[in-house]
Amino acid sequence: MTTELLVGGRIYTPTSTTATAIAVENGRISWIGEDRAARALHPDAQVTDLGGAFLAPAFVDTHVHLTATGLALTGPDLTGGPDAVRAALAAATGETVIARGWDDTAWERPLQRTDLDEARIVYAARVDEHSAQASTALRALVPGLADLDGFSPDGPLTAAAHHAVRAAALAALTDAQITAAQTAA
C-alpha cells in the first residue's frame, strides 16, 4: 500500500475548520486532519509539503468560477464614485475591461455610459451584479440591444440587456486576459 501525506496546507472539508493535512492511499483519500496527527498515523508515508496552499478534495464541490474570480481580483475597483471610475479605467490595461463594484446609492447620480466611453470595450458590474453599465464600444457588439428588456440608452442595463452585454464582454476577452485572470485566482 502506497501512502502520500500532503501537509502544511489549508484543506477544505465541511467536517473540519482546522485541517492542514490529507492522506492519500493508493490514489484514494483515506484521512483528513492536522499535520501532527497525520505524521503519527502514517509514519512511513511519502510527505509533500503544500506550503500553505489551498486544497479542495475532489469529493467537495467548492463551486469556484475561476475566471470570474480572477477578473474580480484583477479588474478595476469602481467603488469610489464617478471620478474614481475614470481613474480606475485609465489605469486598466487591455482592449476589454471587466470592472466591478460601483454602488450609486451614495453617489449623486447613477453611473452613466458616458463615464465609461473611450475606445475600449468596458463592462462595469454594479456591486450587486444584477445590473451593469457598458461602454458604447461594448453596446455596439450586441445587435438589437435597444430592444431587450432592461435597456437604457445611457443608464445602467438590467435584465436581458445586462446579460447580453456581459456575454459580449466575456467573449471579447483575449486568451491572455483569461489566462491572467485564472492565474490570479
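Please refer to the structure placed before this passage.
About the criteria used
Residues numbered from 1 in each chain as written. Predicted model: local features only at pLDDT ≥ 70, side-chain atom pairs only at ≥ 80, totals over all residues. Heavy atoms only, no water. Buried < 20%, exposed > 50% of the residue type's maximum accessible area, 1.4 Å probe, protein only. Helix = DSSP H or I, 4+ residues; strand = E, 2+ residues; numbered from the N terminus. Arc of directions from axis to C-beta. Contact = heavy atoms within 4.5 Å. Pairing = 2+ DSSP bridges. Axes fitted to C-alpha atoms, helices over the stretch in contact; angles between N-to-C directions. Phe/Tyr/Trp six-rings, centres within 6.5 Å; stacked < 30°, edge-to-face > 60°. Lys NZ or Arg CZ within 6 Å of the ring centre and 35° of its normal.

Trainee: Looking at this structure, how should I read helix α3 (residues 82–91)?
Mentor: Owing to its 3.6 residues per turn, the α-helix aligns residues three or four sequence positions apart on the same side. Every buried residue belonging to α3 is among Pro 82, Val 85, Ala 88 and Leu 89, and all of these are buried. The buried residues of α3 all sit within an arc of 115 degrees when viewed along its axis, so they share a single face. In α3, the exposed residues that point more than 90 degrees away from the buried face are Asp 83, Ala 90 and Ala 91. On its buried face, α3 is in contact with β7 (96–102), α4 (113–116) and β8 (121–126).

Trainee: Teacher, can you tell me more about the sheet that holds strand β9 (residues 132–134) here?
Mentor: Sheet strands associate in pairs through backbone hydrogen bonding, adopting either a parallel or an antiparallel arrangement. If you trace the 3 strands from one edge of the open sheet to the other, you get β7-β8-β9, paired in mixed fashion. Edge strands, defined here as strands with exactly one partner in the open sheet, are β7 and β9. The sheet shows a mean angle of 15 degrees between the axes of neighbouring strands, direction not considered. Relative to β9, β8 runs antiparallel, the two sharing 3 bridges. Of the residues in β9, the one forming a bridge with Ala 125 is Ala 132. Strands β7, β8 and β9 of the sheet are contacted by helix α6 (residues 159–172), whose axis makes an angle of about 130 degrees with β8.

Trainee: What is the right way to look at the packing of aromatic side chains in this model?
Mentor: Pairs of aromatic rings are described using the distance from one ring centre to the other and the angle between the two planes. Inspection of every chain in the model, using the stated rule, returns 2 aromatic pairs. Ring centres of Trp 102 and Trp 107 lie 6.2 Å apart, and the angle between their planes is 35 degrees; on these two criteria the pair is classed as tilted. You can call Trp 102 buried: its relative accessible area is 0%. In this arrangement the basic side chain of Arg 126 is found over the ring face of Trp 102, its NZ or CZ atom lying 6.0 Å from the centre.

Trainee: How do you make sense of unusual backbone geometry when you look at a structure like this?
Mentor: Residues other than glycine predominantly adopt negative phi, and peptide bonds predominantly adopt the trans conformation. Residue Glu 129 is not a glycine yet carries a positive backbone phi of 65 degrees. Note on placement: Glu 129 falls in the loop between β8 and β9. Non-glycine residue Ala 159 carries a positive phi angle of around 50 degrees. Structurally, the position occupied by Ala 159 is in helix α6. You can call Ala 159 partly exposed: its relative accessible area is 35%.

Trainee: What's the story with the sheet that holds strand β3 (residues 21–25) in this structure? I'm lost.
Mentor: The mixed open sheet is built from 4 strands, whose spatial order is β4-β3-β1-β5. On the outer flanks of this sheet lie β4 (28–33) and β5 (46–49), each paired with one strand and no other. The mean inter-strand angle of the sheet, taken between neighbouring strand axes irrespective of direction, is 20 degrees. Bridge analysis of strand β1 (residues 3–7) against β5 gives 4 bridges, and the strand direction is parallel. Bridge pairing in β5 links Leu 6 to Thr 48.

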